[in-house]
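# Overview (structure and organization)
One-letter residues, chain by chain:
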Amino acid sequence: MENETHQPDNGVPMPIVKLNRWMLLVGILLALFTGQAWITTLLFLIILPTLLLGQKYSLVAQVGKRMFARQIPGSEREDQKLMRFNNTIAAILLGLAQLAFLAGWHFLGWFLCLMVAVAAGVALAGFCVGCFLYFQFRMLKYRWFNK
């Protein structure tokens, strides 16, 4: 057994969260400016295994752990449930965009992709739209089931 120090899992390190947001923003803008919708398909395929199989299968997390190995130990963390919620929204929108592209509805496909890019960009600027929706969802769930 290797001698490794493991800290408790307190969420996703912020450098990895930011890497995920940058990947989505830059990837979608690159796809839009080059007119290459397949780049958005690639982004969808990068996010999907994480949602279906868990954080262990996140390509972004694996790359981020290597890129930010020094920053991660003391970094702020985001709740895994929140990260999963945000990635679920991104995957749904990107998945619907792929269907729109296949159906020939390119405007709708790009619009759905841009929704993801805007959310990622706004989150990088300091306001997480997915976090806001998650909070509203949790409040609604509390009001309905905990009265």
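Check the entry above for the structure.
Keep in mind the model is a prediction, meaning the values are calculated, not measured.

Definitions and cut-offs
Residue numbers restart at each chain and count upward from 1, following the sequence in its written direction. Restriction of local features to residues with pLDDT of at least 70 applies here, the model being predicted, together with a cutoff of 80 or more for giving and counting side-chain atom pairs; totals for whole chains, interfaces and linings are based on all residues. The basis for the side-chain values is all heavy atoms of the structure; hydrogens and waters are excluded. For Phe, Tyr and Trp, where Trp contributes only its six-membered ring, two rings pair if their centres lie within 6.5 Å, and the inter-plane angle classes them as stacked under 30 degrees, edge-to-face over 60, or tilted in between. Strands are runs of DSSP state E lasting at least two residues, helices are runs of H or I lasting at least four, and both sets are numbered from the N terminus onward. Here the term buried applies to any residue with accessible area under 20% of the maximum for its type, exposed to any over 50%, and partly exposed to those in between, with areas from a 1.4 Å probe on protein chains only. Buried residues of nine kinds, namely Ala, Val, Leu, Ile, Met, Phe, Trp, Tyr and Cys, make up a nonpolar core once their side-chain atoms join them within 4.5 Å. Two residues form a contact once any of their heavy atoms are found within 4.5 Å. Note on method: axes are straight lines fitted to C-alpha atoms, helices fitted across the in-contact stretch only, with angles between N-to-C directions ranging 0 to 180 degrees. Each angle is binned into one of four classes, with values under 35 degrees roughly parallel, values over 145 roughly antiparallel, values of 65 to 115 roughly perpendicular, and all other values oblique. Under the scheme applied, nonpolar residues are Ala, Val, Leu, Ile, Met, Phe, Trp, Tyr, Cys and Pro; charged residues are Asp, Glu, Lys and Arg; polar residues are all the others, including Gly. Put simply, a patch holds well-exposed residues, over 30% relative accessible area, that have no salt bridge, with like charges counted together within 9 Å and Val, Leu, Ile, Met, Phe, Trp or Tyr side chains within 5 Å. To be clear on the numbers: accessible area is Shrake-Rupley with a 1.4 Å probe, and residue cover counts the displayed protein chains and nothing else. The salt bridge definition used is simple: a Lys or Arg side-chain nitrogen within 4 Å of an Asp or Glu carboxyl oxygen. Sulfur atoms of two cysteines make up a disulfide when they are within 2.5 Å.

This part is about the packing of aromatic side chains. Working definition: an aromatic ring pair is given by the centre-to-centre distance plus the angle between the planes. Summed over all chains, the structure comprises five aromatic pairs. Between F85 and Y134 the ring centres are 5.2 Å apart and the planes differ by 65 degrees, which places this aromatic pair in the edge-to-face class. Remark: Y134 occurs in helix α6 (residues 129-145) and F85 occurs in helix α4 (residues 80-103); sequence separation between them is 49 residues. A relative accessible area of 16% means that Y134 is categorised as buried. For the ring pair F127 and F132, a centre distance of 6.1 Å and an interplane angle of 45 degrees mean the geometry is tilted. Classification of F127 by relative accessible area gives partly exposed; the value is 45%.

All right, on to the nonpolar core then. M23, L24, I28, I47, L94, C113 and V116 are the most contacted members of the largest nonpolar core, which totals 34 residues. The set of elements that each furnish at least two residues to this core consists of α1 (14-34), α2 (38-53), α3 (59-67), α4 and α5 (106-125). In terms of residue count, the dominant contributor to this core is α1 (nine residues). With residues near it in sequence (within four places) discarded, L94 still touches L24, I28, T40, L43, F44, I47, C113 and V116. By size, the runner-up hydrophobic cluster in this structure holds five residues, among which are L82, A123, C128 and C131.

Contact geometry for α4 and α6: axes closest at 9 Å, N-to-C directions at 110 degrees. It follows from the interaxial angle that α4 and α6 lie roughly perpendicular. In this structure, α4 uses K81, L82, F85, N86 and I89 to contact α6, whose residues at the interface are G130, C131, L133 and Y134. Residue composition of the contact of α4 with α6, by class: six nonpolar, two polar and one charged.

Attention shifts here to a nonpolar patch on the surface. A cluster of nonpolar residues, V118, V122, F127, V129, F132 and L133, forms a patch on the protein surface that exposes about 490 Å² of accessible area. At three residues, α6 tops the list of elements feeding residues into the nonpolar patch. Structurally, L133 can be placed in helix α6.

With that out of the way, let us pick up the state of the cysteines. Under the definition given, this model contains one disulfide. Between C128 and C131 runs a disulfide, and the two sulfur atoms are separated by 2.3 Å. When the S-S torsion is 75 degrees, as for the bridge of C128 with C131, the disulfide is right-handed. A single burial state applies to C128 and to C131, both of which are buried.

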